[in-house]
Every structure is written in C-alpha cells, then in structure tokens.
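Summary of the model geometry
So the chains spell out like this:
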Amino acid sequence: MSGQKPKRITLLLPLYLLVSIVGFSIVILGWTYQTSIQAINLELESSFDQKHTFAETIMEQQLEFVINSLQDIQLNEKFLTKVSQKNKKGTEDELLSILDSNPDGQLDILFVGLQKGKIFVDVSSPFFDTESILPEIFKKKTSLLTAGHILRIKNESVDLTMMLRAVPILQKKTGRVLGMLFGGIVLNDNLYILESIKRKTKSTLVVFFENNDLIGSTDLLESQATQTIQRSIHDHKKSLVHSSDGMLARFKNMSLSGEPTSLGIVTAITDQALTDLQHSYLKKGSILMVFSLIYILFTILIIRKLTFPSLSKLIQYSTDVSTGSLQARYSSGGIVEFNQLGEMIEQMVIKIQIEIEERRLAESERARLTTILETTSDLVSMATPDAQIIYLNSAGRAMIGLKDDKDSSSLKIANIHPDWALQLLDAEGIPQAIDNGLWEGETAIMGSNGHEIPVSQVIMSHTSPDGEFEYLSTIMRDMTERNHAETIANEARLLAQEMELARSIQTGLLPISIKNIHPDFEIAASMMTADQVGGDYYDITFDKSGNLWISIGDVSGHGVKPGLIMMMAQTIYTAVTLSKNCEARDAVIMVNTILFRNVKKRLNENYFMTFNALKYCGNGEFEHAGAHLRIIIYRRRTNQCELVSTKGVYLNLKEDISKPTINSYFEMETEDIMVLYTDGLTEAANREGELLDTEGLIALVIKHAHLKTEVMKDRIMDDVMKWCYNKRDDDLTLLIVKKKGELHG
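Residues numbered from 1 in each chain as written. Predicted model: local features only at pLDDT ≥ 70, side-chain atom pairs only at ≥ 80, totals over all residues. Heavy atoms only, no water.

Our focus in this paragraph is the overall build of the chain. Regarding its fold elements, the chain presents 18 helices and 25 strands. Taken across its 745 residues, the chain has 44% of its residues classed as buried. Counting contacts in the chain only where the partners sit at least 6 residues apart, residues at least 24 apart contribute 59% of the total. As presented, the chain carries roughly 40,500 Å² of accessible surface, and 55% of it is formed by carbon and sulfur atoms. (Helix = DSSP H or I, 4+ residues; strand = E, 2+ residues; numbered from the N terminus. Buried < 20%, exposed > 50% of the residue type's maximum accessible area, 1.4 Å probe, protein only. Contact = heavy atoms within 4.5 Å. Areas by Shrake-Rupley, 256 points an atom, 1.4 Å probe, with all protein chains shown as cover.)

Written as structure tokens, this is what we have:
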C-alpha cells in the first residue's frame, strides 16, 4: 500500500499544476480588468468632483457678492434715512445710486419690503418681470435671513430660479426694524456664471438644472448637445459619470454655505479622455498578467521540488487526525519547519485528549450547580473572559424578559446592562474581580419593559486547576424601591448645582479689584445677575504696554450657553490684549474671528454678542470700536450728558467684520464721567410696562453725578431696582469711570 501512494500523487500533480495555472490566469485577468475599470471610474469621478468643487466656489463667490452688496446698502446712512422717512422716491434714488457706484456688478433682484409684507420699493432689473413674484419672495424672508437660498418661482407669467438673500433694515439709534432688504441674482440663462464655470473647470459644456428642469446652458437650450444632456440625466444615475453622444458628463446637486440646494449642474467633456485611459490601463494589465503567469509557474516548480516529500508526510498525518485517529503520531521528513509543524500538531492532539476528559468532568459538576442556582430569586449568571454569557438562571431570564424556551448563548454582558453600568464593570468591576477574586457594587440591568433595574452586584472570578483565569460568575439583587427616593432627591440637588455653576461663570471672570486701578480715573463697576443665567460681560485690564482697556458686552438670550459664550469671549479678549499692542478695532476683529469659528462653525449656534472695546490713549482720550449700547458721557462743565454712538456690527454674525469695524474717539475733561451699561438697565420695566430707557438712565446719571463713583454706582442700581420693583428679567451691568483732575496717561 505504501508503494502505491507516490504513483497516485504523481498522477494528480500535473492536473493540479494545470488547474492552478489556468485558475490563476483567470483570476489575474479578471482582477486586471476590474481594477482597470475601477481606476478609470475613480479618476473620472475625481476629475468631475474637482469640477463640481470649482463650480460651487464660483457660486459661493456670487452669493458673497449678493451678501456684501446688501450689507453695504444696509449700512448706508442716506438709504436708512430715506427708509425711516418712508420716502419712496428718495429710497429708490438712493438704491439706484448705490447700484451705479458698485464696480463689481449689479443685482438682478433688489427691493425693499415693509414689515406687513408690503413691497415698498423695487429696483430689480427691467429685463425680468418680477412684479408678480416679489410677494412670494417676501414670504421666504425667515429662511433668507440666515443663509443664501436657491428659490424658484413659477407661475403663468414667469419661471425664474434665483439666488437670494435678505437682511433687516435697522434704525441705528433705536435698533427698530424698519423693513427687509432683498437682493439676488437670476440664474436662468445666466451666461456670465455658466461661462465662468466652463472656463474654470475646462469643460466642453455646462448646464444648470432646477429639480431636473433645464434653466441654463453655455450652448443654446435647443442645441443637440444641451438636449442630449437633458435626456441623459433621466436615463442614468445622477452621481455617476456616463458617456453620451461623444461626451462624458456628470450631474450633481450643488450646495451653498454647506447646505444642499435644488440647483443641479452638469459638466461635460469629450469622451476622448475615457478612450485614452482605457488603452493605458489595458496595456498595463496585459503586461502584469504575463509576468504574473511566469512568476507563478516558476514558484510552483521550486515549491514542488523542495517541499513535496515532507509535505506529503504532514498531509498524511493531518488526514489521520481528521478522521478521528487521535493515537496516530507524526513521521519526520527532510524539512525542519514541516517537522516542527507536525510536532506542534501532535502536541495539540494530546492536549485535546486531556481537555476532552476535563470538560466531561466539568460538565458533570456544572449540571449539579445549575440545579441549585435555579431555585434562587436573584439573578445568577456566568460569562467567559470575552464577556459571552454561558449561563443565566430562571430568575435572571424573567428580569430581562427572556423566555425560558429561548437560547441565551448569543447574549453578552453588554446586552443586559445599560452603557453606564457596562462602563463601570469594564473599568472597575471585572478587572478587580479578576485581580482580587471578588468585587461588590451597585449597577443596573435592562428590564423586560426596556427600563433600567438598579441592582446590587457581586462578581467572582474562577480559575482552572492550573491557576489560569477561566470564567466569571455574578449574583444581582433588585434595588428598585430603595433607590427611588434617593434618585428624586439627587436630581433636585444636581439641577440646583448646575444652575449655580452657570451663574458663577458670569461673576467668576469679573475683575477682582478695580479700586485705584489707574491714576487718571476713579472706577466702579457692578453686575447683578438675573434669576435665569444671562450673558453680560465687562472687563478692565491692561495690555503688554500698560495701556488701560475697558470692555463691555452682552450675549443674546439666556441660559447656560450664553454664559459659556461670554466666558469664551472674555478668554479671547484677554489673550489678545495681553499678547499684542493693537488698536481697539484690531482687538474687536480678532475676538469676532475666533468667536465665529468656535460658536458659529463648530458649535453651530446663532447667538450674537454686542461688544465694545475702549483703549485709553492718555490725556483723557479714548479710542473705541465695536457695536454696543451708546456710551453716556456726563460733562461736569455743563451738567449735561452726551451720547457717543458705537459703530460696527455685532459679533458672531459674520466671520470677517474688518470692513465695517472702525476706530472712533472721544475725550474726557476733569471730573467728566463715562457710563457703560447693558440693556438690562434701559429695558427694566415698571408694573405698567414702561421701560426705563436711555433717557431715564441719563436722568439718574445727572441726579447722582455729584457723588463718588462707588456711591453713584450703588445709587443708580438702587433706583433701577426700585423702578422695576426688584423684578429682573436680564442681567444688570453698570460701569462708572470718572476722570480725576491730574493726568498721568
């Protein structure tokens, strides 16, 4: 029988080699073809993705042009005056004048709407019949305020697709909304944008669609190429590159400001690029296949010659073991590595024999233990080191809602515990049980109704006779009733702690001591927090050159988030003034840039912040920048107050505020008083609903101007609290800065 084996293997070897070569060749050929196709598709998709990115960049630039144009109009003093006077003809003339002076282009849509939806002035392009669509645009004002918007309006007379944006028209002195300013660009047959995209992306053809309707093309809309593209987007998956009538094209929806729109774009090139790529990859694939076949043939011959005799002995031994002959032993061959493998298999077989006997004994012992554990009312379970549950008693099945006839072998420890309890077990319970043999603590399991059941839990580790860790066992007892009362008390205590922590954010960052902080001024300050957490902020500090800086601001809204944003602004402002010698406008711009990136882009929050930074230049002169409530200057010489406007924009409305942010200046004479405040004072209301307003605050300043700054601050705050009968809906912040007689700045 031993003499026949070499003959049988020798007969099979040629067949094996033939099948191996043919199979390998087929696999190489298929792999080469598939990878070539994938590489071609990936390269084409990458090229079209780049074209789409260029197209979106151009559209973003157009949107930026619309936004900048509207903001320039929004800040135009003459325009605001005409609107506030409701001078329709004057408003129209100012709009046309602003448009004519804009070197960057014109808006196709531009009109002013009043608060009740009435169209006040329309200076849209006469090339478009916009009269019937303006009311429809006005209805979209809420969505148009926050981002650019692609809007299509279709009726019996017009069918226009537009890129639109809206901004509020605010009266600067009062902050009252006078109306809405709408502006945009018509995208139908907009050759300027289409040709810009075509030129930038080096495309043969560029086509715009709005919800699959053709609205523009760099070629004629009736041309064969454009019509071919229109038909093809219905016949192919829109996200794939496809070939049609000598062109490669791809459709993709566009996004503006990171938001998807209904506007789609097709970029197309000639299909010569596809032909060139196919030829290139086919040539590379053919060469690879030839060399692979040569290499595999050479390798098979070498392997056969060197390893076949020893491999035959190893295969024979493996065959004996696989048929159940555990008493067989390995016969050594001529290759050391194969001999080592055979001896390792032999040792493994011996260990298997031993483990089979040990497992039989363990199963018998486990059966006796199971009978005992099934009688307890506590949950009893066993699990392997990899957290696989191998036993769960009847009480445990009932607690987690597992029917008696359902197999529990697929359960893991993670399936019966909530996340927090699982984390406790992973971090503490199981490691301590393995190290010390026992762990006790309080965790929870998921009950049959989906709710957590609190339990007291004991975990024990078990080892094999040779001291190796083998499995875990646990006992859990229901603690629902005992924990219910504790939970209610803890929740109330935690809520109070969270609100107290939020309020401490506001007061904890205020200057510790401002008495005699500067030789030229007496300064007093106070912040009285509301019942709800707000976002008031003020600071008094010095830059690296020793210049005095005073700042004040107010984050919109109430709650923990405005308090955190206020803390973020204070940290940024302190870092800027301590590390740089800068002007007031530079500090405001840098604070806004970092705040916009953190709050708007990362946290995706729309809170804005009023902020005014004042830098003392010496000799009684202050430089200031930023948008906040008007500064009150009490003049001792006349016993009257002046109002100094703060020019700029609120923080976190846009990323770049360098253009509208400018430095302004004012001077203080001996015993003049500067008053900085937040709207908590001016908007304090009495029982009849009357606001204290700026005029009321000015009256209090004049009334108490003869007092020392600390006393003056306290008297004004007392009078405000009396006005509103100690009922506060917002934080109250007040800074009093009085100029001394001798200058040191």
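Locating T267 in the fold gives a position in strand β10 (residues 259-270). Given the relative accessible area of 5%, T267 is considered buried. Leaving out residues up to four positions away in the same chain, T267 has contacts with F48, K51, S203, L205, V206, L248, A249 and R250.

Glancing now at the confidence of the model for the chain. Per-residue confidence for the chain gives a mean pLDDT of 83; residues scoring 70 or more make up 84%. Looking across the chain, the model is least confident in helix α13 (residues 480-508), with a mean pLDDT of 65, and most confident in strand β24 (residues 673-677), with 98. Confidence drops under a pLDDT of 50 for residues 1-11, and excluding neighbours within four residues, the segment shows three contacts in the predicted structure. (pLDDT = per-residue confidence, 0-100.)

Turning to the packing of helix α2 (residues 77-84) against helix α3 (residues 88-100), a few remarks are in order. Where α2 contacts α3, the axes come no closer than 8 Å and their chain directions differ by 160°. Put simply, α2 runs roughly antiparallel to α3. For α2 against α3, the interelement crossing comes out left-handed. Together, K78, F79, K82 and V83 of α2 and G90, T91, E94, L95 and I98 of α3 make up the contact between the two elements. (Axes fitted to C-alpha atoms, helices over the stretch in contact; angles between N-to-C directions. Parallel < 35°, antiparallel > 145°, perpendicular 65-115°, else oblique. Left-handed = near helix turned anticlockwise from the far one by under 90°.)

On inspection of all chains with the given rule, the structure shows 21 salt bridges. The salt bridge partner of D378 is R477, with a shortest N-O separation of 2.7 Å. With D378 in the loop between α9 (336-373) and β11 (379-383) and R477 in strand β15 (residues 469-478), this residue pair connects regions lying 99 residues apart in the sequence. One continuous salt-bridge network, built from bridges that share partners, spans R152, D159, E210 and D213. (Salt bridge = Lys/Arg side-chain N within 4 Å of Asp/Glu carboxyl O.)

Further remarks concern a nonpolar patch on the surface. Where nonpolar side chains cluster on the molecular surface, the patch consists of M348, I352 and I356 and spans about 270 Å² of accessible area. The residue M348 is located in helix α9 in this model. Overall, the relative accessible area of 45% leaves M348 in the partly exposed class. (Patch = residues over 30% accessible without salt bridge, like charges linked within 9 Å, V, L, I, M, F, W, Y side chains within 5 Å.)

A few words on the sheet that holds strand β12 (residues 389-392). What the five strands build is an open sheet, ordered β12-β11-β15-β14-β13; its pairing is antiparallel. Both edges of this open sheet fall to β12 and β13 (438-446), since each of them pairs with a single strand only. Neighbour to neighbour, the strand axes of the sheet diverge by 25° on average, direction disregarded. When β13 meets strand β14 (residues 452-463), the two strands line up antiparallel, connected through nine bridges. Within β14, the residue paired with W439 across the bridge is I459. Most of the contacts of helix α12 (residues 419-436) go to β13, to which it runs at about 155°, and overall it touches β13, β14 and β15. (Pairing = 2+ DSSP bridges.)

Glancing now at the pairing of strand β7 (residues 213-217). Burial of β7 is extensive: four of the five residues sit out of reach of the surface. What sits between strand β6 (residues 205-210) and β7 in their antiparallel hairpin is a turn of two residues, with N211 showing a positive phi close to 50°.

Another point: the nonpolar core. By size, the foremost hydrophobic cluster in this structure holds 40 residues, and its most contacted members are M59, F79, L110, L181, I197 and F208. Per-element accounting of this core gives the leading share, nine residues, to helix α1 (residues 5-74). Setting aside anything within four residues of it in sequence, one finds I197 in contact with A55, I58, M59, V206, F208 and I265. (Core = buried A, V, L, I, M, F, W, Y, C linked by side-chain atoms within 4.5 Å.)

Right, let's talk about helix α15 (residues 584-602) for a bit. With 19 residues, α15 extends 26 Å between its outermost C-alpha atoms, agreeing within 8% with the 27 Å of an ideal straight helix rising 1.5 Å per residue. The largest bend in α15 is about 30°, located at F596. Within α15, burial applies to A584, A587, V588, I589, V591, N592, T593, L595, F596 and V599. Structurally, α15 contributes buried residues whose contacts are with β18 (548-555), α14 (560-579), β19 (609-618) and β20 (621-625). Looking one or two residues past α15, N604 carries a phi angle of roughly 55°, positive in sign. (Expected span 1.5 Å × (residues − 1). Bend = angle between axes of the 7 residues up to and from the residue.)

Turning to unusual backbone geometry, a few remarks are in order. Of note in this structure, K86 is not a glycine but carries a positive phi near 55°. Inspection of the secondary structure assignment puts K86 in the loop between α2 and α3. Under the relative-accessibility criterion, K86 is labelled exposed at 61%. Positive phi is not limited to glycine here, since N652 has a value of about 75°. In this structure, N652 sits in the loop between β22 (640-644) and β23 (664-667).

A contiguous patch of negative charge on the surface is contributed by E355, E358, D466, E468 and E470. With respect to the secondary-structure elements, E358 resides in helix α9. (Lys, Arg positive; Asp, Glu negative; His and termini not counted. Charge placed at Lys NZ, Arg CZ, Asp CG, Glu CD.)

Let's shift gears to the side chain of N652. Take N652: its relative accessible area is 2%, and that puts it in the buried class. Side-chain polar atoms of N652 contact the backbone oxygen of Y607, separated by 2.6 Å. Discounting residues that sit within four places of it in the chain, N652 has contacts with N592, L595, F596, V599, K600, E605, N606, Y607 and F608. (Polar contact = N/O pair within 3.5 Å; in protein donor to acceptor, adjacent residues only side chain to side chain.)

What follows deals with the sheet that holds β22. Strand order across the open sheet formed by five strands is β16-β25-β24-β21-β22, with antiparallel pairing between neighbours. Two strands close off the open sheet at either side, each with one partner strand: β16 (521-528) and β22. Going across the sheet, the axis of each strand differs from the next one's by a mean of 20°, ignoring polarity. Taken together, the three bridges between strand β21 (residues 631-635) and β24 define a ladder with antiparallel strand orientation. Each residue of the ladder has a partner; that of I633, found in β24, is M674. Packing against the sheet, helix α17 (residues 693-704) makes contact with β21, β22 and β24, and its axis sits at approximately 135° to β22.

Counting across every chain of the model gives 12 aromatic pairs. Between F111 and F182, the aromatic rings sit 4.7 Å apart at their centres with planes inclined by 5°, giving stacked as the arrangement. With F111 in strand β1 (residues 109-113) and F182 in strand β5 (residues 177-186), this residue pair connects regions lying 71 residues apart in the sequence. Of the two residues, F111 and F182, both sit in the buried class. Among the aromatic side chains, those forming a connected cluster through ring pairs are F521, Y616, F622 and F666. The ring of F54 is capped by K200, whose NZ or CZ atom sits 5.3 Å from the centre of that ring. Positioned above the aromatic ring of Y725, the side-chain terminus of R687 is 3.8 Å from the ring centre. (Phe/Tyr/Trp six-rings, centres within 6.5 Å; stacked < 30°, edge-to-face > 60°. Lys NZ or Arg CZ within 6 Å of the ring centre and 35° of its normal.)

Positive charge collects at one region of the surface, where K86, K88, K116, K118 and R176 lie side by side. Within the secondary structure, K116 is located in the loop between β1 and β2 (119-122). Residue classification places K116 among the exposed positions, given a relative accessible area of 87%.

So, on to the pairing of strand β9 (residues 247-256). When you tally the buried positions in β9, you get seven out of 10 residues, the bulk of the element. Alignment of β9 against β10, held across nine bridges, turns out to be antiparallel. Counterpart to A249 in the pairing with β10 is A268. In sequence, β9 turns back onto β10 through a hairpin of two residues, with S257 there showing a positive phi of about 55°.

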